[in-house]
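In case you want the letters, here they are:
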Amino acid sequence: MIKNALLILLPIFLFGQTNFFGYFESEFDQLKFADQTYNYGYNKLRLDFEAHPNDAVTIGTNVNVQKYFDNISWNLLDFLPSDIYRPIFQPEGYPEEMWITEFPIALLDTFYLDNVYLKAGFEHFDLTVGKQQISLGTGYAWNPIDIFNSKQLLDPTYEQTGVNAVRSEIPINGRTSVDVILSTGEDWKESAKMLQLKTGLGRFDLHGTIGQYTWERIVFDPTQFLLSIQKSERTLIGGAVVGELAGAGIWLEGAWNKLENQDDFTEVVIGTDYTFENGLYIIMEYLRNENGVLNKENLDINNYLQYFMGETHSLMQDYLFGFLSYPINDFIQFGLLGFGNLNDNSAALNPQISWNLFQDVDLTMMYSHFLGGDNTEFGVQDWGWRIRLRGYF
Amino acid sequence: MKNILAITLVLATVVIAQEAIPTGQELVKKMSEIMTQENSTAIMTQTITTSSGKQRTFEFEMFTTGEGEKTLMRYLKPSAARGQAFLMLNNADDIWTYFPRTKRVRKLSSSSKNQKVQGSDFSFEDMGSGDSWKKEYVSENLGTEKFDGTDCWKLQSIGIPEQDPSYPKMEVYMRKTDFYPIKINYFDESDFIEKTLLMSEIKEIEGVPTAMQMTMENHLEGTETTMQTLSTTYSWEPPVNFFTERELKK
């Protein structure tokens, strides 16, 4: 498939005005659980091609090659609190020989076209067709109106994978525009349809969003040990306000979600940030996600699976996120990231150093310390560290 | 009679001399007329030199309109910064930034206005405040002084606190011949020269004196940033709705 796509795109890239760029990234991680240590990492090459057959048209794609090393076979049970998996896999009354101690997940090497799209700029609107990165919302760590992506709290600004879609951005006047997105599914009902209106009012930006799609979630049936996909119609009505108060940035992003055969839920993020004279930057966010579980006792394995798959933005309902960064010098940045689950009282603290070693070469080192009981979302891990080297070209 | 004539001559000379010395506000007006054109576009490099001598070089394109009231900057090089863009409206009171890797636009709060752009010694305010300083400062002509062998007017501008000026005080050395500034000292709250901007390689571009090189020296951190203009024009007409999120994301 990649070969065919590249063969089709090759003449455009050869004869159009083409840019080649991308990055190489190498990462090594170590994660420590109560009785397990995971060493793993990957080497990744992202190669972007961007052609401009004329002033109005951009054709872009990127090829991603990612090869994992060291521990590439993970046991899902290590990432779950014991009171979630024991009743299913190691039930009381069953002899230990019959217990299931492994739920393997393999980190498979990947070689894929992440984005491949054509963007045309017409006089009164832009049209982008193809697999493209779509990032919605104003929140930093969570985006209630973003039905396409779910962010990693340890690394919320990492790029997201592409979405097959047709998107039209229609400017009305200076700060007002309409954004129409159609992400095709197997049929019209399963396709994601979104309409977003953006405008400005004084120092504030306002967004209103309405969307409808078929929400697919993974469901594990413990009686038959089967995984299946549960589908439900989801209608989202949301919006966002971004502005500032006394020099501090403030934002509110929220969505009300109407679901077929399930309770409606609301998801809201409120955040603020401030940059001090000395360069110290602080950002804080609070998430309230009614789609999460309020009490730890009510969690089940499907809540975890759906969260791990990125099908829901959080496992439980109430979270705090904070990040501060301070420039030690022009090339070295110290950061302290932290997030906490307010429902089960678990948290993570993550000091980090970002170092621009050379032009276009960045080194990031981070340590994570997890707090909370063994049967909590973050307390299930003890600690971890990560080294990531990225060289752009 | 002789005495009366002498006094009259002296008075006349004083009047002529007084008329020939422009006031601070007149200098600001003259300087503003040549420094802020209605529209401009340029491709520039930005070389940051740290106190240890390490360098990083960026290349960006910059578009301005409304005498600098609206500015759009987009980085072309190096690869790590490629496509990152800033839209500054209302003289950098409102700033949006675009990250091409995540395709996200974020609005920056005004507390970040005086922060470094890409780690350089230029702040967002330095880059995008246009001629807003005309109303943020009270200026006084301190007289004539030579800088780098050039006769200059020395202008002192004191910030009006209610106008939220970028710096509490500035000193501008402008050429007497055409009122073009060649050196600006920026002071901090303790009246220490925090930064110095040096403008050199001044050429006539479409009849407008233009510094092809600007160097900002940061005396607090021992760093400096040099911006070299590779190409520029003042005859560019911005398309309708150019200074919007749509263009930011291109």
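Being a predicted model, the structure only gives us computed values, none of them experimental. (Residues numbered from 1 in each chain as written. Chains lettered and ligands numbered in written order. Predicted model: local features only at pLDDT ≥ 70, side-chain atom pairs only at ≥ 80, totals over all residues. Heavy atoms only, no water.)

Undergrad: Even after reading the chapter, I still don't get the overall build of chain B, so can you show me in this structure?
TA: Counting its secondary structure elements, chain B contains five helices and 13 strands. Across the 250 residues in chain B, those meeting the buried criterion constitute 54%. Within chain B, residue pairs in contact and separated by at least 24 positions form 45% of the contacts whose partners lie at least 6 positions apart. Between the averaged position of the 29 positive side-chain charges in chain B and that of its 36 negative side-chain charges there is a distance of 7 Å. (Helix = DSSP H or I, 4+ residues; strand = E, 2+ residues; numbered from the N terminus. Buried < 20%, exposed > 50% of the residue type's maximum accessible area, 1.4 Å probe, protein only. Contact = heavy atoms within 4.5 Å. Lys, Arg positive; Asp, Glu negative; His and termini not counted. Charge placed at Lys NZ, Arg CZ, Asp CG, Glu CD.)

Undergrad: Looking at this structure, how should I read the side chain of T41 of chain B?
TA: All names here are of chain B. Here T41 is to be found in strand β1 (residues 39-49). T41 gets classed as buried once you look at its relative accessible area, which sits at 15%. At 3.4 Å, the side chain of T41 forms a polar contact with the backbone oxygen of M62. If sequence neighbours within four positions are ignored, T41 has contacts with M62, F63, S231, T232, T233 and W236. (Polar contact = N/O pair within 3.5 Å; in protein donor to acceptor, adjacent residues only side chain to side chain.)

Undergrad: It is not clear to me how helix α2 (residues 82-89) of chain A should be interpreted in this structure. Could you clarify?
TA: Think of an α-helix as 3.6 residues a turn; residues three or four steps apart then line up on the same face. All names here are of chain A. Regarding α2, the residues found buried are I84, Y85, I88 and F89. Take α2 and look down its axis: the buried residues cluster within an arc of 85°, on one side only. Summarising the contacts, the buried residues of α2 are in contact with β11 (204-221) and α3 (301-308). (Arc of directions from axis to C-beta.)

Undergrad: Looking at this structure, how should I read the confidence of the model for chain A?
TA: For residues with low pLDDT, the predicted coordinates do not support detailed interpretation. Predicted confidence across chain A gives a mean pLDDT of 93, with 96% of residues reaching 70 or more. Mean pLDDT across the elements of chain A bottoms out in helix α1 (residues 2-15) of chain A (59) and peaks in strand β15 (residues 281-289) of chain A (98). (pLDDT = per-residue confidence, 0-100.)

Undergrad: Even after reading the chapter, I still don't get a nonpolar patch on the surface, so can you show me in this structure?
TA: Residues and elements named next belong to chain A. Taken together, Y326, I328, F334, L336, L349 and L371 make up a surface patch of nonpolar side chains, about 480 Å² in accessible area. Take L371: it is sitting in strand β19 (residues 361-371). Taking relative accessible area as the criterion, L371 reaches 39% and is therefore assigned partly exposed. (Patch = residues over 30% accessible without salt bridge, like charges linked within 9 Å, V, L, I, M, F, W, Y side chains within 5 Å. Areas by Shrake-Rupley, 256 points an atom, 1.4 Å probe, with all protein chains shown as cover. Salt bridge = Lys/Arg side-chain N within 4 Å of Asp/Glu carboxyl O.)

Undergrad: What exactly am I supposed to notice about the pairing of strand β9 (residues 169-175) of chain B here?
TA: One face of the sheet, then the other: side chains in a regular strand alternate in exactly this way. All names here are of chain B. Most of β9 sits out of view: seven of its seven residues are buried. Looking at chain direction, strand β8 (residues 150-159) and β9 are connected through seven bridges and run antiparallel. Residue pairing across strands places W153 opposite M174, the latter belonging to β9. The sheet contact formed by β9 and strand β10 (residues 181-187) spans six bridges and is antiparallel. Opposite Y173, over in β10, you have K183 as the bridge partner. Between β9 and β10, which pair antiparallel in sequence order, lie five residues; one of them, F179, sits at a positive phi of approximately 65°. (Pairing = 2+ DSSP bridges.)

Undergrad: Looking at this structure, how should I read the interface of chain B and chain A?
TA: By convention, interface size is frequently given as the accessible area that disappears when the constituent parts associate. Tallying the contact residues gives 36 residues for chain B and 60 residues for chain A. Counting the surface chain B buries against chain A, the share from its top three residues, R56, R101 and R104 of chain B, is 22%. Linking chain B to chain A there are nine salt bridges. Of the charged contacts in the structure, one is a salt bridge between D126 of chain A and R246 of chain B, with a shortest N-O distance of 2.8 Å. For the pair chain B and chain A, the number of links is 30 residue pairs in polar contact (both at pLDDT 80 or more). Among the secondary structure elements, those contributing two or more residues to the side of chain B that touches chain A are β2 (55-65), β5 (94-99), β6 (104-108) and α5 (245-248) of chain B. Looking at the side of chain B that touches chain A residue by residue, the class counts come to six nonpolar, 15 polar and 15 charged. (Buried area = accessible area lost by both parts, 1.4 Å probe. Nonpolar A, V, L, I, M, F, W, Y, C, P; charged D, E, K, R; others polar.)

Undergrad: Please clarify how the pairing of strand β2 (residues 37-54) of chain A should be interpreted in this entry.
TA: All names here are of chain A. Relative to strand β3 (residues 57-70), β2 is paired through 13 bridges, and the arrangement is antiparallel. Following the sheet pairing, L47 is matched in β3 by V63. The hairpin turn running from β2 into β3, its antiparallel successor, is two residues long.

Undergrad: Teacher, can you tell me more about the nonpolar core here?
TA: F60, M73, Y75, M88, M127, M174 and L197 of chain B are the most contacted members of the largest nonpolar core, which has 40 residues in total. Among all residues touching M88 of chain B, those that are not within four sequence positions of it are E69, K70, T71, M73, D94, I95, F124, M127 and G128 of chain B. Counting 36 residues, the second largest nonpolar core, distinct from the first, contains A141, I283, L287 and Y307 of chain A. (Core = buried A, V, L, I, M, F, W, Y, C linked by side-chain atoms within 4.5 Å.)

Undergrad: Would you explain the environment of F321 of chain A in this entry?
TA: Residues and elements named next belong to chain A. Locating F321 in the fold gives a position in strand β16 (residues 318-327). What makes F321 buried here is its relative accessible area of 1%. Separated by 298 residues in sequence, F321 and Y23 have C-alpha atoms that sit 29 Å apart.

Undergrad: Would you mind going over α3 of chain A with me for this structure?
TA: Residue and element names in this part refer to chain A. With seven of eight residues buried, α3 is to be regarded as a mostly interior element. Taken as a whole, α3 has its buried residues at I301, N302, N303, Y304, L305, Q306 and Y307. Next to the buried residues of α3 lie α2, β11 and β12 (226-245). Between the side-chain oxygen of the N-cap and the backbone nitrogen of N302 there are 2.9 Å, and the N-cap of α3 in question is D300.

Undergrad: It is not clear to me how the pattern of salt bridges should be interpreted in this structure. Could you clarify?
TA: Proximity of charged atoms lets side chains of opposite charge pair with each other. Counting across every chain of the model gives 41 salt bridges over all chains. With its nearest N and O atoms 2.7 Å apart, the salt bridge here joins R74 of chain B to E61 of chain B. Placement of the pair is R74 of chain B in strand β3 (residues 70-77) and E61 of chain B in strand β2, with a sequence separation of 13 residues. Accessibility classification places R74 of chain B together with E61 of chain B in one group, the buried group. Salt bridges linked by common partners bring E27, D29, D155, R386 and R388 of chain A together as one network.

Undergrad: Would you mind showing me how to read the packing of aromatic side chains here?
TA: We describe a pair of aromatic rings using the distance from one ring centre to the other and the angle between the two ring planes. Tallying each qualifying case throughout the model produces 37 aromatic pairs over all chains. Consider the rings of F89 of chain A and F225 of chain A, whose centres lie 5.5 Å apart with planes at 85°: the pair is edge-to-face. On the criterion of sequence distance, the pair formed by F89 of chain A in helix α2 and F225 of chain A in the loop between β11 and β12 is long-range, its members being 136 residues apart. You can call F225 of chain A partly exposed: its relative accessible area is 38%. Considering the side-chain rings of Y307 of chain A and F308 of chain A, the 6.3 Å spacing of their centres and the 40° angle between planes classify their relative orientation as tilted. The class for Y307 of chain A is buried, based on a relative accessible area of 18%. Above the ring of W215 of chain A, the side-chain terminus of R234 of chain A is found at 4.4 Å from the ring centroid. Over the ring of W96 of chain B we find K107 of chain B; its NZ or CZ atom is 5.1 Å from the centre of that ring. (Phe/Tyr/Trp six-rings, centres within 6.5 Å; stacked < 30°, edge-to-face > 60°. Lys NZ or Arg CZ within 6 Å of the ring centre and 35° of its normal.)

Undergrad: Looking at this structure, how should I read unusual backbone geometry?
TA: Backbone phi values are negative for most residues with the exception of glycine, while trans is the configuration of most peptide bonds. Note that the residue after K77 of chain B, namely P78 of chain B, is joined by a cis bond; omega there is -5°. Unlike most non-glycine residues, F225 of chain A shows phi in positive territory, near 55°. Of note, the phi angle at E206 of chain B is positive, near 50°, even though the residue is not glycine. Structurally, E206 of chain B can be placed in the loop between β11 (193-205) and β12 (208-218). The exposure class of E206 of chain B is partly exposed, given its relative accessible area of 47%.

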